[in-house]
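One-letter residues, chain by chain:
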Amino acid sequence: MTPLARVLALPVRAYRLVASPWVGHGCRFQPTCSAYALGALEHHGGLRGGWLTARRICRCHPWGGQGYDPVPGTDPEARAPSDPT
């Protein structure tokens, strides 16, 4: 993880430790926004991972989407090789 990504991950980890138990488990997406943020920062670094996290948080509203939304480039089903036959 890059130094910028580590710094950006600190508030996410603090949220998961302090606020998440009080807020409850009503996330519209899978993985949760905090898990998505940590995965994006780890996989893509501080700049792109931070951008992906901000985009995801902006989609998390009552009129937004829901369901399975993996971090780009980390979905094992998307990376599975196709059968050439």
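Described in the following lines is the structure provided in the data block. It should be emphasised that the depicted structure is a prediction, and the values quoted were computed from it without experimental measurement.

### With respect to helix 2 (residues 33-59)
Stage number 1. Over its 27 residues, helix 2 runs only 10 Å from end to end, short of the ideal 39 Å by more than 12%, given 1.5 Å per residue.
Stage number 2. At Gly45, helix 2 shows its maximal kink, close to 140°.

### Observations concerning the environment of Arg48
Stage number 1. Along the chain, Arg48 turns up in helix 2.
Stage number 2. Along the sequence, Arg48 and Ala5 sit 43 residues apart, while their C-alpha atoms lie 9.5 Å from each other.

### Focus on the nonpolar core
Stage number 1. Residues Ala5, Ala9, Val12, Ala37, Leu38 and Leu41 constitute the largest nonpolar core, which totals six residues.
Stage number 2. Mapped by element, the contributors of at least two residues to this core are helix 1 (3-23) and helix 2.
Stage number 3. Apart from the residues within four sequence positions on either side, Leu41 is in contact with Met1, Ala5, Leu8, Ala9, Gly46, Gly49 and Gly50.

### Thoughts on helix 1
Stage number 1. For helix 1, built from 21 residues, the straight-helix expectation of 30 Å at 1.5 Å per residue is met to within 8% by its first-to-last C-alpha distance of 29 Å.
Stage number 2. The largest bend in helix 1 amounts to roughly 45° and is located at Arg16.
Stage number 3. Regarding helix 1, the residues found buried are Ala5, Ala9, Val12 and Ser20.
Stage number 4. Tucked into the core, helix 1 has its buried residues touching helix 2.
Stage number 5. Among the residues trailing helix 1, Gly24 stands out with phi positive, at a value near 105°.

### Description of the packing of aromatic side chains
Stage number 1. Considering all chains together, one arrives at zero aromatic pairs under this definition.
Stage number 2. Sitting over the ring of Tyr36, Arg56 keeps its end group 4.5 Å from the ring centre.
Stage number 3. Sitting over the face of the ring of Phe29, Arg59 holds its NZ or CZ atom 5.9 Å from the ring centroid.

### Points about the layout of surface pockets
Stage number 1. Considered as a void within the structure, the largest pocket measures approximately 430 Å³ in volume.
Stage number 2. Together, 17 residues line the largest pocket, and Tyr15, Cys27, Thr32, Cys33 and Ser34 are the ones closest to its centre.
Stage number 3. For the lining of the largest pocket, the secondary-structure elements that each account for two or more residues are helix 1 and helix 2.
Stage number 4. Here the residues of the lining of the largest pocket sort into eight nonpolar, seven polar and two charged.

### Let's talk about the pattern of salt bridges
Stage number 1. The final tally for this structure, using the stated rule, is two salt bridges.
Stage number 2. For Arg56, the salt bridge is made with Asp69, and the minimal N-O distance between the two is 3.6 Å. On the criterion of sequence distance, the pair formed by Arg56 in helix 2 and Asp69 in the loop between strand 2 (67-68) and helix 3 (76-79) is long-range, its members being 13 residues apart. With respect to burial, Arg56 and Asp69 carry one shared label: buried.
Stage number 3. For Arg59, the salt bridge goes to Asp69, with nearest N and O atoms at 2.3 Å. Placement of Arg59 in helix 2 and of Asp69 in the loop between strand 2 and helix 3 is noted, with a sequence separation of ten residues between them.
Stage number 4. Classification of Arg59 as partly exposed rests on a relative accessible area of 26%.
Stage number 5. Taken together, the salt bridges that share partners define one network made up of Arg56, Arg59 and Asp69.

Procedures and definitions
- Residues numbered from 1 in each chain as written.
- Predicted model: local features only at pLDDT ≥ 70, side-chain atom pairs only at ≥ 80, totals over all residues.
- Heavy atoms only, no water.
- Helix = DSSP H or I, 4+ residues; strand = E, 2+ residues; numbered from the N terminus.
- Expected span 1.5 Å × (residues − 1).
- Bend = angle between axes of the 7 residues up to and from the residue.
- Core = buried A, V, L, I, M, F, W, Y, C linked by side-chain atoms within 4.5 Å.
- Buried < 20%, exposed > 50% of the residue type's maximum accessible area, 1.4 Å probe, protein only.
- Contact = heavy atoms within 4.5 Å.
- Phe/Tyr/Trp six-rings, centres within 6.5 Å; stacked < 30°, edge-to-face > 60°.
- Lys NZ or Arg CZ within 6 Å of the ring centre and 35° of its normal.
- 1 Å grid on protein atoms, 1.4 Å probe; cavity = no way out; pocket = protein on both sides within 12 Å on 5 of 7 lines; lining within 4 Å.
- Points joined across faces, edges and corners; volume = space filled by probe spheres on them.
- Nonpolar A, V, L, I, M, F, W, Y, C, P; charged D, E, K, R; others polar.
- Salt bridge = Lys/Arg side-chain N within 4 Å of Asp/Glu carboxyl O.

Honestly, that's just the spatial picture; any functional story needs more than this.
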